[in-house]
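# Summary of structural features
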Amino acid sequence: MCGCCDCDDCVEAACCCLPYHVRKNMKDCLICLAVLLVAAAIVAGVVVAVLYGRPLRRAKIRVVDASLTRFDLVMPDTPTTALAYNLTLALTLRNTNWPIGITYDDPLDAAYSFDGQQFDRVQVADAGGKVGGSKTVVYHLSSGSEEGRAVLLGNAGEAEFRKENATGVFEVDVALTGKFKYTLRWTKCKIEATCQLKLQLAPPGATAVVFQEVDCEVAKSEDKNC
Ligand SMILES: *[C@@H]1O[C@H](CO)[C@@H](O)[C@H](O)[C@H]1NC(C)=O
Ligand SMILES: *[C@@H]1O[C@H](CO)[C@@H](O)[C@H](O)[C@H]1NC(C)=O
């Protein structure tokens, strides 16, 4: 009978085709291979745990370009003050956590406000959008309103508008909100960032204004997994 069997207590030649020393070598070899595989699995596990389980850095958000071509208060002194405006923005989001990517769970939104009062919201990125590890994504936003977006400025807000209108430089805050997940993590993390912009009004035909880049303040998450 020929095959692989335990020949310790039988006549070797009758039991197996392979000589004893060959089988002994193969057995040692298999044990050796198994030990190597286990060691490699442990090393891979440690590398993954260190890379993916380490505390991560918040994304960096920056407004790299902006242009305000219109900013008018319409229907002042009525209950429904509104802002007619045209604004384009370019903002970058940098994820420095190589190799861990970000996937948006909820859309990333930007809310624009003047004197603390929100006058518009625009979508920056769709749910499902991704930013790879160690990647920077540029978002271009363009929005406006011909008739004006309702805004509750109140007396104080209208006074602030007139003041800034006289200088031609408007202070507009951009608040970013969204939710995302890191690669290989379950936790839904929040993005909360504010960018304080000083925008020089430049109607079409006016000389181009050089925009000074602005870093946004990204709020620290209370969740240690974020
Ligand atoms: C604002 O944008 C609209 C289209 O979105 C355009 O028709 C209009 O000319 C723009 N106005 C200014 C002052 O840039
Ligand atoms: C803002 O300033 C422009 C001129 O720079 C003026 O025509 C406009 O009436 C002002 N708007 C308000 C609400 O004061």
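The name given to the chain in an unreviewed UniProt entry is Late embryogenesis abundant protein LEA-2 subgroup domain-containing protein, and the organism recorded there is Paspalum notatum var. saurae. Under the heading Subcellular location (unreviewed entry), UniProt records this for the chain: "Membrane".

### Some points on the site of ligand 1
For ligand 1, the full set of nearby residues is Thr 69, Arg 70, Asn 86, Glu 146 and Pro 204. Here an oxygen atom of ligand 1 sits 2.9 Å away from a polar atom, N or O, in the side chain of Thr 69. Contacts to ligand 1 include Asn 86, whose side-chain N or O atom sits 2.3 Å from an oxygen atom. Look at ligand 1: alone it shows 360 Å² of surface, and the protein chains cover 42% of it. Looking at the shell around ligand 1, its residues break down into one nonpolar, two polar and two charged.

### As for the nonpolar core
Membership of the largest hydrophobic core comes to 48 residues, with the highest contact counts inside it found for Phe 71, Tyr 104 and Tyr 112. Looking at this core, the elements that each hand over two or more residues are β1 (60-74), β2 (82-95), β3 (102-104), β4 (108-114), β5 (117-125), β7 (135-150), β8 (169-182) and β9 (189-200). When sequence neighbours within four positions are dropped, the list of residues in contact with Phe 71 reads Leu 83, Ala 84, Tyr 85, Phe 114, Phe 119, Phe 161, Phe 170, Val 172 and Leu 201.

### Details of the state of the cysteines
On inspection of all chains with the given rule, the structure shows two disulfides. Here Cys 189 engages in a disulfide with Cys 226; their sulfurs sit 2.1 Å apart. Across the disulfide from Cys 189 to Cys 226, rotation about the S-S bond amounts to roughly -85°, and the bridge is consequently left-handed. Remark: Cys 226 occurs in the segment after β11 (217-218) and Cys 189 occurs in strand β9; sequence separation between them is 37 residues. Each member of the pair Cys 189 and Cys 226 is classed as buried. Here Cys 195 pairs with Cys 216 through a disulfide, and the sulfurs are 2.2 Å apart. Looking down the S-S bond of the Cys 195 and Cys 216 bridge, the torsion is 100°, so its handedness is right-handed. Taken together, the residues span a long stretch of sequence, with Cys 195 in strand β9 and Cys 216 in the loop between β10 (214-215) and β11 at a distance of 21 residues. Grouping residues by exposure puts Cys 195 and Cys 216 together as buried. Its sulfur unpaired, Cys 29 is 6.2 Å from the next cysteine sulfur, which belongs to Cys 32. Residue classification places Cys 29 among the exposed positions, given a relative accessible area of 53%. Look at Cys 32 and you get partly exposed, because its relative accessible area is 45%.

About the criteria used
- Residues numbered from 1 in each chain as written.
- Chains lettered and ligands numbered in written order.
- Predicted model: local features only at pLDDT ≥ 70, side-chain atom pairs only at ≥ 80, totals over all residues.
- Heavy atoms only, no water.
- UniProt positions renumbered as here; feature names shortened; annotations may be inferred.
- Near = heavy atom within 4 Å.
- Polar contact = N/O pair within 3.5 Å; in protein donor to acceptor, adjacent residues only side chain to side chain.
- Areas by Shrake-Rupley, 256 points an atom, 1.4 Å probe, with all protein chains shown as cover.
- Nonpolar A, V, L, I, M, F, W, Y, C, P; charged D, E, K, R; others polar.
- Core = buried A, V, L, I, M, F, W, Y, C linked by side-chain atoms within 4.5 Å.
- Buried < 20%, exposed > 50% of the residue type's maximum accessible area, 1.4 Å probe, protein only.
- Helix = DSSP H or I, 4+ residues; strand = E, 2+ residues; numbered from the N terminus.
- Contact = heavy atoms within 4.5 Å.
- Disulfide = S-S within 2.5 Å.

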